[in-house]
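Observations on chain architecture
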Amino acid sequence: MFTPENRGRYDRSNLRYPSDLTDEEWALVAPLIPPAKRGGNKRTSVERELVNGLMYILSTGCQWRAIPKDLPPRSTVNYYFLRWDYDGTLDRIHDALYVKCRELAERNASPTGAIIDSQSVKSAEKGGRRLTRMGMTPARRLKARSAISR
């Protein structure tokens, strides 16, 4: 809820894009970014700008080719998106921000309750676990003769 006390905290009008990270947000995310790989060329992109590019894509839902020119090139942002998704960096960032949000809301770091809807129960009754382990259901044989097989 917006109150006069915390309204300034959520104000993003001084940022270039509303999706850009503030200094406080970057302080939480920066330690989670892995260092550059050893051996190859030095990293020429600024990590904060890469994360700003990812946040722009994720918040606006735009196409990769529609990234503004003042952010890193789309191929670079896409490369780091795929790399950080593969090595778990995005998951670690998400988990750290999730825990921080729950702490700011004065809640436990991890939820203690769960909701199971009737759809989940129905799929469990049919033996969904066995089918997912097999990968697919077996093929059925046709009882009628096919005109093609003659």
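Parameters at a glance
- Residues numbered from 1 in each chain as written.
- Predicted model: local features only at pLDDT ≥ 70, side-chain atom pairs only at ≥ 80, totals over all residues.
- Heavy atoms only, no water.
- Helix = DSSP H or I, 4+ residues; strand = E, 2+ residues; numbered from the N terminus.
- Buried < 20%, exposed > 50% of the residue type's maximum accessible area, 1.4 Å probe, protein only.
- Contact = heavy atoms within 4.5 Å.
- 1 Å grid on protein atoms, 1.4 Å probe; cavity = no way out; pocket = protein on both sides within 12 Å on 5 of 7 lines; lining within 4 Å.
- Points joined across faces, edges and corners; volume = space filled by probe spheres on them.
- Nonpolar A, V, L, I, M, F, W, Y, C, P; charged D, E, K, R; others polar.
- Core = buried A, V, L, I, M, F, W, Y, C linked by side-chain atoms within 4.5 Å.
- Axes fitted to C-alpha atoms, helices over the stretch in contact; angles between N-to-C directions.
- Parallel < 35°, antiparallel > 145°, perpendicular 65-115°, else oblique.

Helix and strand counts for the chain come out as 6 helices and 0 strands. Along the chain direction, N to C, the helices and strands of the chain fall in the order α-α-α-α-α-α. Residues counted as buried form 21% of the 150 residues belonging to the chain. In the chain, 50% of the contacts between residues at least 6 apart in sequence involve partners at least 24 apart.

Glancing now at the layout of surface pockets. For the largest pocket, the calculated volume is near 810 Å³. If you go around the largest pocket, you meet 28 residues; those closest to its centre are Arg 12, Leu 21, Glu 25, Leu 28 and Leu 97. Sorting the residues of the lining of the largest pocket by element identifies α1 (23–29), α2 (47–60) and α4 (89–104) as the ones contributing at least two each. Ranked by residues supplied to the lining of the largest pocket, first place goes to α4 with 8 residues. Partitioning the lining of the largest pocket into residue classes produces 18 nonpolar, 4 polar and 6 charged. Size it by volume and the second largest pocket reaches roughly 180 Å³. In terms of lining residues, the second largest pocket is bounded by Ala 36, Lys 37, Gly 40, Asn 41, Lys 42, Arg 43, Thr 44, Ser 45, Thr 76, Tyr 79, Tyr 80 and Arg 83. Of the residues in the lining of the second largest pocket, the class split is 3 nonpolar, 5 polar and 4 charged.

What follows deals with the nonpolar core. Residues Trp 26, Ile 33, Val 51 and Trp 84 are the most contacted members of the largest nonpolar core, which totals 16 residues. Tallying contributions element by element places α2 first for this core, with 5 residues. Excluding residues within four positions of it along the chain, Val 51 makes contact with Leu 21, Trp 26, Ile 33 and Trp 84.

Before going further, it helps to examine the packing of α2 against helix α3 (residues 74–87). Close contact between α2 and α3 brings their axes to 9 Å; oriented N to C, the two are set at 85°. In terms of orientation, α2 lies roughly perpendicular with respect to α3. Here Leu 50, Val 51, Gly 53 and Leu 54 of α2 lie close against α3, whose contacting residues are Thr 76, Val 77, Tyr 80, Phe 81 and Trp 84.

The values are spatial; any link to function lies outside them.
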